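One-letter residues, chain by chain:
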Amino acid sequence: MRAAVLALLALAAPLPAAAQVVHSPAITAGTDEPLVRPADAKLVWSDEFDVDGLPDPKRWAYDTHRNKLGWHNEEKQYYAAARPQNVRVEGGRLIITATQERLSDKPDHGGQDYASGKIFTKGIADWRYGFFEIRAKLPCGRGIWPAIWMLASDDSKGWPAMGEIDIMEHVGWDNGRVHGTVHTGAYNHVAQTQKGAHVVQRDVCETFHTYQLDWNEDRILVGMNGRAYMRFENDKKGDPQTWPFGTPEYLILNVAVGGWGGQKGIDPKAFPAAMEVDWVRVYQRD
């Protein structure tokens, strides 16, 4: 689910209680440099969202595993599966919508007052290194927390040791500030050691922007519209606590309610709140 915070755990391991503390979004890995797709990188996976209906099951699955227990970070949403009111493809765009409604008829409902969507490529597609681009328009409103992020496909080490890369996070009470972060065993928001940065782009909720990740064996760059604002270097110590990013990761798209986004409350006028995604493209070198 990230440049400043996301204690959304690896899908198998429980989070420690301390992980409920929302971290500070200090810039600890800032940069300002070009972010350009390598000339020899080829398109290996994409979704242009050109067929209306539910997301393509050959590309995406739904993450609902914490609905009954409740999601981490004190989030307030229920993630619906195969429900077009919350996740659909329409008019050439993926639309993930958070709504203020109780889906109490669902057998895994955990008492949430909000519904939303979270889709991911786990078990379908993952990548070790690559250049990732996601063109999206973000939802705003106090209490809303959209994210574009990645987790290690091998979650046996648990979070945060498994490694998390947050390509985009945005919280509705701080409109226009976009965050990019990495979390590892040594660097994470629970320990207040996370490595990340942010950039201000005031029209992210009105205009589509391209959110980007350039990840190789030497470093991670996160940025938007061809400019990197976050750099995280591989220290080359061979320590997975500081660099767990040598194994495949999968992509996640979601809109959360509450949590970091709810630090200043949840505005009922914010709903429905939709993140629209024009396309997702993944490039790799041979």
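Note that the structure is a prediction, hence the values are computed from the model and not measured.

## A few points about the overall build of the chain
Step number 1: Within the chain one finds 0 helices and 18 strands.
Step number 2: Relative to a compact globule of 286 residues, whose C-alpha radius of gyration would be 19 Å, the chain shows 17 Å and is just as compact.
Step number 3: For the chain, the C-alpha atoms occupy an extent of roughly 50 × 40 × 35 Å along the three principal directions.
Step number 4: Taken across its 286 residues, the chain has 57% of its residues classed as buried.
Step number 5: Working note: accessible area of the chain is about 11,200 Å², and carbon and sulfur atoms make up 48% of it.

## Quick notes on the environment of Pro-34
Step number 1: Structurally, Pro-34 is set in strand β1 (residues 30–34).
Step number 2: Considered as a pair, Pro-34 and Val-89 are 55 residues apart in the sequence and their alpha carbons are 32 Å apart.
Step number 3: Contacts of Pro-34, omitting those with residues within four sequence positions, involve Gly-226, Arg-227 and Ala-228.

## Section: the packing of aromatic side chains
Step number 1: Using the criterion set out here, one finds 14 aromatic pairs in the structure.
Step number 2: Ring centres of Trp-45 and Trp-127 lie 5.3 Å apart, and the angle between their planes is 70°; this geometry places the pair in the edge-to-face category. Separated by 82 residues along the polypeptide, Trp-45 in strand β2 (residues 42–47) and Trp-127 in the loop between β8 (118–120) and β9 (130–137) bring together distant segments of the chain.
Step number 3: Overall, Trp-127 belongs to the buried group, its relative accessible area being 5%.
Step number 4: Here the aromatic residues Trp-45, Phe-49, Trp-60, Trp-127, Tyr-129, Phe-132 and Trp-215 are joined through ring pairs into a cluster of three or more.

## Examining the sheet that holds strand β17 (residues 249–257)
Step number 1: Pairing is antiparallel in the open sheet, where 7 strands are placed in the order β3-β8-β17-β10-β11-β12-β13. Single-partner strands in this sheet number two, and they are β3 (61–62) and β13 (195–200).
Step number 2: Sheet analysis places strand β12 (residues 177–183) next to β13, joined by 6 bridges and oriented antiparallel. Paired with Thr-181 across the strands is Gly-196, a residue of β13.

Reading guide: rules and limits
- Residues numbered from 1 in each chain as written.
- Predicted model: local features only at pLDDT ≥ 70, side-chain atom pairs only at ≥ 80, totals over all residues.
- Heavy atoms only, no water.
- Helix = DSSP H or I, 4+ residues; strand = E, 2+ residues; numbered from the N terminus.
- Rg over C-alpha atoms; globule rule 2.2 N^0.38 Å.
- Buried < 20%, exposed > 50% of the residue type's maximum accessible area, 1.4 Å probe, protein only.
- Areas by Shrake-Rupley, 256 points an atom, 1.4 Å probe, with all protein chains shown as cover.
- Contact = heavy atoms within 4.5 Å.
- Phe/Tyr/Trp six-rings, centres within 6.5 Å; stacked < 30°, edge-to-face > 60°.
- Pairing = 2+ DSSP bridges.

So yeah, pure geometry; function would need other evidence.
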